[in-house]
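# Observations on the three-dimensional arrangement
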Amino acid sequence: MASHDDLPTPPPATPLRPAGPVVGVSGRLRHAIAMRLVSLTSGPGAPRLNYDTPDGDPGLFGPDAACWHVHGDFTSMMIGGVSALLLQSLHPLAMAGVWDHSTFRQDVMGRLRRTATFIGGTTFGNTADAQALLERVRRIHRQVTGTAPDGRPYAAYDPDLLTWVHVAETSSFLRSYLVYKQPAFSRSDQDRYYAEVARIAVALGAREVPTSVAQIDDYLDAMRPALSASERTGEVVRVLRNLPAPFAGARVFSGLLFRAGVDLLPEWAQTMLGFDDRATIRRLTVRPAVRHMARVARWSMRNSVAHRARRRALATPAVVVTEPSWER
């Protein structure tokens, strides 16, 4: 859960902007909604990366990657992110790192924005920015060590802990994508997604990273005896349930995200967190509301980082012509 917390903020690069001129009532409304949604993942506390240059740079994966599809849908990623944080909080050592070294409780929006920047930057950023993000996180990890309440030592660079954080995140992202964006995403594409994003976990130092749906399922089953809920877990739930409202109406939006994140959790995780009651009612009420919200979000966000990165990756690199140097 602390894998990319407190990510330092580099100098700002390309500012947020619409894809073209904002024309008419519809255009102004679309732009206004998009900027408010983006404020949840970008703004104070988050680095601003350059997704537009250099031309022809595919980043670490490129636009044909399965992770570009999964990570490119704003609504499903937001819900998957909430679900991932809840799932990660069940690991006592991950929770200890957050408790001792994170600003999560005091600055939850900054924490969420830094996480979104890490995911967006390593997926859609140009190659240099993505590699720089990985190096920053590796450097931060070396400083995050301590002792959990049960006396066990922990370190953010622990390969096994990194694997847990990675699996909790990516399995939540994919589960959300399947529910809210593309239920027909094939099993082979799901396997391809896990194989792709495993590269990020390995680059951070994780080991024995699952790379398929079957391996992810086996890993989560094997991890269950090591997981538990605690007072600290309850604090994570409280913070996520009461997210700040950076714009008018955000409270309703964030409340829906929280309930949708709970709904995505495996049944055993919902039980451990005390959410097993009214699970069926929650699913029947939350999912239709989220699908409506997702349509509005997709209509408004016409210049997301995924759109900008695709234009960059598919652009023809400039050819530099130099005059020959004649030696006499």
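Looking at an unreviewed UniProt entry, the chain carries the name Histidine kinase, with the source organism given as Pandoraea faecigallinarum.

## Overview of the overall build of the chain
Of regular secondary structure, the chain possesses 14 helices and two strands. By residue count, 52% of the 328 residues in the chain fall in the buried class. In the chain, of all internal contacts separated by at least 6 residues, the share reaching a separation of at least 24 is 80%. Total accessible area computed for the chain in this model is approximately 15300 Å², and 56% of it derives from carbon and sulfur atoms.

## Some details on the pattern of salt bridges
For the coordinates displayed, the defined rule picks out twelve salt bridges. Here Arg298 and Asp73 are joined by a salt bridge, their closest N and O atoms 2.7 Å apart. Here Asp73 lies in the loop between helix H2 (66-71) and helix H3 (74-88) and Arg298 lies in helix H13 (residues 279-300), a separation of 225 residues in the sequence. A residue is classified by how much of its surface remains accessible, and Asp73, at 4% relative accessible area, is buried. Taking the shortest distance from any N to any O, the salt bridge between Asp277 and Arg278 comes out at 3.3 Å. On the accessibility criterion, Arg278 (59% relative accessible area) is exposed. Because the salt bridges share partners, they merge into one network encompassing Glu135, Arg138 and Arg142.

## Side note on unusual backbone geometry
Both trends apply: most residues other than glycine have a negative phi, and most peptide bonds are in trans. Here Thr53 and Pro54 are connected by a cis peptide whose omega angle stands at 0 degrees. Relative to the elements of secondary structure, Pro54 occurs in the loop between helix H1 (24-38) and H2. Even without glycine at this site, Glu208 takes up a positive phi of about 50 degrees. Within the secondary structure, Glu208 sits in the loop between helix H8 (187-204) and helix H9 (213-223). Positive phi outside glycine occurs at Arg278, with the angle close to 60 degrees.

## With respect to empty space enclosed by the protein
All chains considered together, the criterion is met by three cavities of 30 Å³ or more. Counted as a void, the largest cavity has a volume near 210 Å³. Every residue lining the largest cavity is counted, 20 residues in all, and those nearest its centre are Phe118, Ile119, His166, Glu169 and Ile200. At six residues, the largest contribution of residues to the lining of the largest cavity is made by helix H7 (residues 159-180). Residues that form the lining of the largest cavity fall into these classes: twelve nonpolar, seven polar and one charged.

## Looking at the side chain of Ser176
Relative to the elements of secondary structure, Ser176 occurs in helix H7. For Ser176, a relative accessible area of 0% corresponds to the buried category. Discounting chain neighbours no more than four positions away, the residues touching Ser176 are Ser76, Ile79, Gly80, Lys181 and Leu264.

## Quick look at the packing of aromatic side chains
In the structure shown here, the tally under the stated rule is four aromatic pairs. An angle of 55 degrees between the planes, with centres 5.5 Å apart, marks the rings of Tyr193 and Tyr194 as tilted. Each of the two residues, Tyr193 as well as Tyr194, counts as buried. Each ring, one from Phe258 and one from Phe275, has its centre 6.0 Å from the other, and the planes form 75 degrees; the classification is edge-to-face. Of the two residues, Phe258 is situated in helix H11 (residues 250-264) and Phe275 in the loop between helix H12 (267-272) and H13; the sequence distance between them amounts to 17 residues. The exposure classification of Phe258 matches that of Phe275, with both residues buried.

## As for the side chain of Gln270
Its place among the elements puts Gln270 in helix H12. Separated by 3.3 Å, the side chain of Gln270 and the backbone oxygen of Val262 make a polar contact. A distance of 3.0 Å separates the side chain of Gln270 from the backbone oxygen of Leu265, its partner in a polar contact. Apart from the residues lying within four places of it in its own chain, the contact partners of Gln270 are Val262, Asp263, Leu265, Phe275, Asp276, Ala279 and Arg282.

## Quick look at the nonpolar core
Judged by nonpolar contacts, the single largest core of 71 residues is most densely connected at Leu86, Trp164 and Tyr193. Per-element accounting of this core gives the leading share, eight residues, to H7. Setting aside anything within four residues of it in sequence, one finds Leu86 in contact with Val237, Leu240, Phe258, Gly261, Val262, Leu265 and Leu273.

## What to know about the environment of His307
Of note, His307 is situated in helix H14 (residues 305-314). Take His307: its relative accessible area is 37%, and that puts it in the partly exposed class. The spacing of His307 and Phe124 is 183 residues in sequence and 9.3 Å in space, taken between C-alpha atoms.

Scoring rules and cut-offs
Residues numbered from 1 in each chain as written. Predicted model: local features only at pLDDT ≥ 70, side-chain atom pairs only at ≥ 80, totals over all residues. Heavy atoms only, no water. Helix = DSSP H or I, 4+ residues; strand = E, 2+ residues; numbered from the N terminus. Buried < 20%, exposed > 50% of the residue type's maximum accessible area, 1.4 Å probe, protein only. Contact = heavy atoms within 4.5 Å. Areas by Shrake-Rupley, 256 points an atom, 1.4 Å probe, with all protein chains shown as cover. Salt bridge = Lys/Arg side-chain N within 4 Å of Asp/Glu carboxyl O. 1 Å grid on protein atoms, 1.4 Å probe; cavity = no way out; pocket = protein on both sides within 12 Å on 5 of 7 lines; lining within 4 Å. Points joined across faces, edges and corners; volume = space filled by probe spheres on them. Nonpolar A, V, L, I, M, F, W, Y, C, P; charged D, E, K, R; others polar. Phe/Tyr/Trp six-rings, centres within 6.5 Å; stacked < 30°, edge-to-face > 60°. Polar contact = N/O pair within 3.5 Å; in protein donor to acceptor, adjacent residues only side chain to side chain. Core = buried A, V, L, I, M, F, W, Y, C linked by side-chain atoms within 4.5 Å.

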